Amino acid sequence: MFSPKKLLLLLKYSLYSTTFTHWLFFCIMGKYIFFLLVLTLSLGLKAQTEQEPPQEEQDLEGVVVRAFNASRRLLATPGSISMIGSLQIEQAQGASILPVLNQASGVFAHSGTLSTSRITIRGIGARVPYGTGKIRAYFNNIPLTNGSGVSIVEYIDPAVIERIEIIKGPATSAYGAGLGGTISITSRQPFLRPAGISNSLSLGSFGLFRNTTTLDFGTCSLASSLIYNRTSSDGFRENNRYRRDALTSVTQLRMGDRTRATLLLYYSDVLGHIPSSIDSLTFVTMPSAAARNWANARGYNDTRALLAGVAARHQLQGDLFVDVSIFSTIHDEMERRPWDFLYEDRRSAGIRLSAGWMALRGLSQWQLLAGAELFFENFRYSTYENPEALGIQGDIISRNREWIRYTNLFLQADLERGALNLSAGMNLNNNHIDYHDLVSIGGINRSAPFSYPMILSPRISANYRFIPFHAIFATISHGFSPPALSETLTPDGFVNPDIRPEKSWNLETGIRGSILDNRIYYDLSLYSMFVRDLLVAQRIGEDAWVGRNAGRSLHQGIELEVQGRLWQARQASSFWQIKTLPVRVAASYNHFRFTDYVDNDVDHSGNQIPGIPSFFLNTEIRLVLARGLYAGADLRLAGSMPMNDANTRFSQPYGVAGASLGYLNSFGSWEMDLFARVDNLFDKHYASMILVNAPSFGSPPRYYYPGYPVNFSVGLRIGLHRMKQ
């Protein structure tokens, strides 16, 4: 529960829970921030004297984000958020959205294979073994986070995405249980697309094949996009083949002047073989090898997923409006593993309903919003023997069912008065799981319910635009992450009712705006996140963990994003004349520590949290000529990271570069984009994913997922378009 007393204790804890040297670092950085503030103030005062802002300033004013339950200008958003637009996604030319997410500061996405990944935000989720946890994800308001708290975003094909908004830090008043943050994915918008058809084909190293066919059509009141994508690769490692077929339908409706609706249907069929992680000797001498047990069992994951939903807004009389989203998902998965066969069957449905009031009263604009999100999931899973790990299914081992339901009630108030934006909200969460043991091994039935008391999470934030095109913001928010049932089970398979959700308080402040005649946009933020009731997964077998609450951690860091145009020609006509020179930088410095953590009588307090480098940077520069020729170069740097809680093993820092070259032009109604790309240009040997706290079980621990060596791809996109009537 939030109270002034707890807030004072929180501030006191923030002052005494870190080392003197680390707070000295933040004081030094504060001097640089003050210098930046003075610099932007002087630039902004100069901008105030101009009669007409240049076009780039008007473009900045038009950038709108939809996070935090409200549509507002990015510059006026009271919170830390990164927005990745359609142009960035298209230019990445990737088979997965993981590299795109790394373009946001504070986000670090591991990618072991095209079907094995882990996304972390501000260090949260770094110790989840093989997936993305403690982070919420949505696709057109349809949850990509299942009832077990795992978010699966890598199956969403980049070709169907219009934009990605990443909220960094807890945003419970908007999205509920997301300790690290929320990834909100918006599909392409048919009303914004000209009618037509296009096809994009890419071929590359290691058997890469990627083909996307898109059809856009519609009228002034109805528009649809239909996208089919096929992606396949042999991979550079043993047992590494991958195939994904995805079909997406997006339809937008205008039903009179008061009602808008979007219908989404997404189906994917993914088959990904699993090479798994390898030990340090194999990583150095033969990185293309698969783990022997997975190669012998020919392990793979076969997944089919269907997402369907409709989102609508209806404007009532006066200043009232209603938003409603209804969704359903089906997720079937089979994984052949060296020790067993795993079958998972998830059926979920839900509704998100909110009502709001928006009005202008004098110089103030008010918005009040109240609503609820209800989620239900029937989760069935079973395991079967894999005798001698030969890939032949044997007798049943276990069969279980979980009936999961949660409720989020949220209330939010926003005030915009001149240059000041204030936002306050709270979320009330309730989660319940009914666990059914359908086999009762040994005649013992382990069925039991699991729930925890309701959690009230507040959020207060402010944004002040102190001069044109420059703003400062500050946020205090509470977050939590509910445990999955698997984290509550004892070694004997019984539910442990004493497991508690992880909870955190997040304090952050920042400054954002534009400089150099608004050609360059910057966003700088500092944060401290205090996590308690830390959930620790102790591994007791190849596929067996025991969860427990084991202490506290502190996440502190600095994030910087810079993007814009170093050069913009007013007129460019000759072939070799530079039209524009865009640049993008995303950098993060992290100081993540266990403040109170003892495991098996070993005190890890003060150690770095494993799985996250202390520093990482993504930067890209792109050259566009007047007649369609373009070229780009990008660089990703990551510092070393601890690989276990004891900090006895560290990965090597690395830098990976890429380059692209292409020609984009239109010929009447036809559009052509011919492109080529090289990744890992200098053939750097590095680990693209780390298995944190890798066990040994009689063999060397397998920490490493090797990254791709140097690889190439070429492609051609051809489109025929006409404007909708």
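Structure's up top.
Described in the following lines is the structure provided in the data block. The structure presented is a predicted model; accordingly, all values stated were derived computationally and were not measured.

Check the secondary structure of the chain and you find nine helices and 40 strands. The buried share of the chain, taken over its 725 residues, is 52%. Look at the contacts in the chain between residues 6 or more apart in sequence, and 66% of them connect residues 24 or more apart. By element, 62% of the accessible surface of the chain is carried by carbon and sulfur atoms, the whole surface being about 30,900 Å².

Ordered by their spatial adjacency, five strands build an open sheet running E3-E10-E11-E7-E8, and the pairing between neighbours is mixed. With partners counted over all chains shown, the strands left at the sheet margins are strand E3 (81-84) and strand E8 (142-143), one partner each. Sheet topology note: the strand E10 (residues 161-168)/strand E11 (residues 181-187) ladder contains seven bridges and is antiparallel. Bridge assignment links Ile 167 to a residue of E11, and that residue is Thr 182.

Where strand E22 (residues 420-437) meets strand E24 (residues 455-467), 10 bridges bridge the pair, whose relative direction is antiparallel. Across the sheet, residue Met 426 finds its bridge partner in E24, namely Pro 458. Pairing between E24 and strand E25 (residues 470-481): seven bridges, direction antiparallel. In the strand pairing of E25, Tyr 464 is matched with Ile 472. Linkage of E24 to E25, two consecutive antiparallel strands, is achieved through a turn of two residues, within which Phe 469 is found at a positive phi near 70°.

Here is what the cut-offs are and how they apply
Residues numbered from 1 in each chain as written. Predicted model: local features only at pLDDT ≥ 70, side-chain atom pairs only at ≥ 80, totals over all residues. Heavy atoms only, no water. Helix = DSSP H or I, 4+ residues; strand = E, 2+ residues; numbered from the N terminus. Buried < 20%, exposed > 50% of the residue type's maximum accessible area, 1.4 Å probe, protein only. Contact = heavy atoms within 4.5 Å. Areas by Shrake-Rupley, 256 points an atom, 1.4 Å probe, with all protein chains shown as cover. Pairing = 2+ DSSP bridges.

Just distances and angles here, no functional claims.
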